[in-house]
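Single-letter residue listing:
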Amino acid sequence: MAVLNKIRQRSLILIFVIAMALFAFVIGDLFRSDAFSGGQQDVIATINGTDINRIEFQQKVKSYQDRSGGRQTSTQAMNAIYNQELRNIVLKSEFDALGLSVEKDEMRDLLKNSFSSYPEFQDENGTFDVNRLNAFISNLKDLNGDTAPLGNFMVNFDSWVNNEQSIATNAIQQTYYNMIKAGVSTTISEAEDDYFGDAKTVDIRYVQVPYTTIADSLVTVSKSEITAYMKKNEDKYKADATREVVYVEFKEEASKADEDEIKAGLLALKADKTEYNESSKNTETIPGFDTATDIEEFVNSNSDIKYSDAFLRAADLPAAAKDTLVKLSAGSYYGPYKDGEYYKLSKVIATKELPDSVKVRHILIPNVGGQRADPSVTKTPEEAKKTADSILAKINSGTKFLDLLDLSSDKVSNEKDGEIEFDYKAGMAPEFKAYAFDNKVGDVDVVQTSFGYHVIEILEQKSYNQTVKVATIADKIEPSDQTLQDVFNKMSKFEIAAKDADFNELAKERNLTVKPITFKELDENIPGLGSQREVVRWSFEEDTDTGDFKNFAISNFGFIVAKVVEKKEKGLMSTEDASITALPEIRKEKKAKMIREKITATTLADIAKNQSQSVRSASAVTIKNTTLSGAGVEPKVVGAAFGLVEGTISKPIDGEKGVYVVEVTKVNEATKLDNYTAIMNRLNTERRNAVQSKVFTALEKAADIEDNRAKTVY
């Protein structure tokens, strides 16, 4: 009732919002569907000349979302299906080019391998019978779309055909990858290189002149140099199209006046009120919280949270009220108090000392359909209750409980004389737990749970504490109709003022926080606001220019006003963005040249002295491990060392952290192996295992792809 009243209060705003949303949807759809040009973008993507149809694609996306149980957003589902379609089309292009297919006889073998364990396709000896398979498929076709059982599933002819196609595609893929793997091998020379990469070592001495010996301020880098570096390393600096957006929030949240009104409304529920009854033509008195006799009905009629008829310990009560509630007597109130997103008014209905832990013993009589019931159980609920009642009668007549334990199906507790000990937090069946805590030691009775019927005897109750049964009326804290209108007006005024004012300065004047975010074309999330695909799509529309702004209604939040501050198209990054990584690399190159020019000595000792550095040593360096002791990862330096003859000194080498001069003091040659088969087999396995992912990555990179997802779907 409380919720319905709020819906009625907001009806005008809801009608306005829905009308505006429908208008925006119709107009937006009109433009997106190229209505003025008479066209419709029905192609999600074109891959190697094959179109992905929009309608079929959207159906697959919906099916994927349904299967995920709503855990995937539309964009996440769209991307998952797109990746599936991309993989299928790219691989099919290869299969068609190679003439790979599954013939009829091979298909029968594949179906046999997939379905030979199904009883529907076995003869009386349990052997796969192809005739039964053929008959099943023929019957599906005759059903004209209706389903037939297969194992634990229901299938129709279309789903069977789709399954056959999936089996065939998987078989072709396996054949394709096996063909490639058959061409992947390792030569003896490659095996030798792999072996010597670990076995052959060198001992070296070296001098490192760190790049940090030259201050960054001494190295100037121009924009043109950054641009040249970007072009030289183009792959590293390619970027997707992005939109930099700033936005301010207008949150629909309850004002202090709204909260005061909610609290006053809760207090008003305590007293009786009179209402005129049109039917009886009489004035009637409606009981309030003070006098209501049916507490459960009263609470459920006035609260956003249903009544709970349970005695609660302090730990189970709201943190904001527990210390007070456990001390109150029956009939006393506490509140209104704030608890999370609700204001609450609580009335103590009863108090009771209850134990925190109990020990019971029980006999369980299960029934058909009961939780965890053994397949051998045959008793109906009525029969199970009759048996439990007869056991209770015997106990009441003097038969010892323990003498009847063999009748219980709970063999685990039977090993402990049917005893179970647990505290009030234990995850027991609610009815079982309620009986054990709410009754007295020595009581015995029959209790029904989802497991069947229990004969329970209470043996012990410990650690008694005060508990309270509380009736609580909760009213969710929500903005009033007036507050919603005020928020809308505030947003509208900001949007109007922003036409002639600086967005940031205007936000500052009105105590609004400007939040920045950068979108890629297929992004959807705004931190704290969740999926807001509409905002992303707007920022990428062709007629949205830098400086444009727009308001967006955010479900369960309010509004934002967003402004596009920068548009970056697909291609090379701007020099400003690239400079973050390019600048240090260019400086490094320039510093390396400066350091090389300063190195004139010919011995390590003189070089070290002239450059104020020390001579360092590294032993047992391998070509596979490019970490240099005392310097870090230096692949160029280690590689150069293996190119030197023992006793020789290198020219200056530009490394990762500085310029190096290296002297090889000893080459530790490795003994050749008589046989490299084991290494060849290992490398073959490693390379063939990587075929599947590497081949598809290469095929995708080489594919001709026109991706229209951002323009055609969501």
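Residues numbered from 1 in each chain as written. Predicted model: local features only at pLDDT ≥ 70, side-chain atom pairs only at ≥ 80, totals over all residues. Heavy atoms only, no water.

Taking burial as the measure, the five residues of strand 1 (residues 43-47) include five buried ones, the bulk of the element. Two strands pair when backbone bridges link them, and strand 1 and strand 2 (residues 50-53) are joined in this way by four bridges, in the antiparallel orientation. Residue pairing in the sheet places V43 in a bridge with N53 of strand 2. Inspection of the sheet shows strand 1 paired to strand 27 (residues 705-707) by three bridges, in the antiparallel sense. Across the sheet, the residue bridging to A45 is D707, located in strand 27. (Buried < 20%, exposed > 50% of the residue type's maximum accessible area, 1.4 Å probe, protein only. Helix = DSSP H or I, 4+ residues; strand = E, 2+ residues; numbered from the N terminus. Pairing = 2+ DSSP bridges.)

With omega at 5°, the peptide bond leading from G335 into P336 counts as cis. Position of P336 relative to the elements: it lies in strand 11 (residues 333-339). Positive phi outside glycine occurs at N511, with the angle close to 60°. Tracing the chain through its elements places N511 in the loop between helix 17 (503-509) and strand 16 (515-520). Backbone geometry at S612 places phi at a positive 60°, although glycine is not the residue there. Relative to the helices and strands, S612 resides in the loop between helix 20 (604-610) and strand 22 (615-621). Its relative accessible area of 65% is what places S612 among the exposed residues.

Turning our attention to the pattern of salt bridges. This model, assessed by the stated rule, comprises 39 salt bridges. Measuring nitrogen to oxygen at the nearest pair gives 2.8 Å for the salt bridge that ties E663 to R205. Taken together, the positions of E663 in strand 26 (residues 658-668) and R205 in strand 5 (residues 201-210) put the pair 458 residues apart, joining distant regions of the chain. E663 gets classed as buried once you look at its relative accessible area, which sits at 16%. Put simply, E278 and K281 hold a salt bridge, and the shortest N to O gap is 3.5 Å. Side by side, E278 and K281 carry an identical accessibility label, which is exposed. Via salt bridges that share partners, D194, D198, K624, R682 and E686 belong to a single interconnected network. (Salt bridge = Lys/Arg side-chain N within 4 Å of Asp/Glu carboxyl O.)

Read these as geometric descriptors, not functional statements.
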